Amino acid sequence: MTTRPTLLGYVRADALSCAEELAAATNSLAAFASAEGFALGTVYTERDAAESAAFHALLDEVKRSDVRAVVVPTLQHLGTAGAPVGMQRDLEFHQAHVWAVDAR
């Protein structure tokens, strides 16, 4: 049996309008992981974008583990217009490839 590589997820709750959208976004990450041959690991959910605690926890896991892939529902989950580039760059600096479900 071959072990599937782990894919981490990141979702910003404030980018969604309700709990149902949050659940749907998380489900879309799981579907993406399965379709692309990954096992979905932790999905980090940002509750307070101003603090970015979930993003920093995600970045810490990427730094300390062998996980090299992260998926988001859309690149806007990595920040507001213009900011996704910085957050994506931080992840890629630590050799984590970033995918967006909507870009598939």
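Preceding this section is the structure that the text describes.
The sections below set out a description of the structure shown in this document. Owing to the predicted nature of the structure, the values given are computational and were not obtained by experimental measurement.

### Brief notes about the sheet that holds strand E1 (residues 6-12)
Here we have four strands laid out as an open sheet, ordered E2-E1-E3-E4, and parallel in their pairing. Each edge of the open sheet is held by one strand with a lone partner, namely strand E2 (39-46) and strand E4 (97-100). Here the average twist between neighbouring strands, direction ignored, is 25 degrees. Sheet analysis places E1 next to E2, joined by six bridges and oriented parallel. Paired with Arg12 across the bridge in E2 is Glu46. Strand contacts of helix H2 (residues 53-64): E1, E2 and strand E3 (69-72), with the helix running at about 150 degrees to E2, the strand carrying the most contacts.

### Some thoughts on the pattern of salt bridges
Throughout the structure, instances matching the rule amount to one salt bridge. The closest approach of N and O atoms between Arg12 and Asp14, which form a salt bridge, is 2.8 Å.

Each value, and the rule that gives it
Residues numbered from 1 in each chain as written. Predicted model: local features only at pLDDT ≥ 70, side-chain atom pairs only at ≥ 80, totals over all residues. Heavy atoms only, no water. Pairing = 2+ DSSP bridges. Helix = DSSP H or I, 4+ residues; strand = E, 2+ residues; numbered from the N terminus. Axes fitted to C-alpha atoms, helices over the stretch in contact; angles between N-to-C directions. Contact = heavy atoms within 4.5 Å. Salt bridge = Lys/Arg side-chain N within 4 Å of Asp/Glu carboxyl O.

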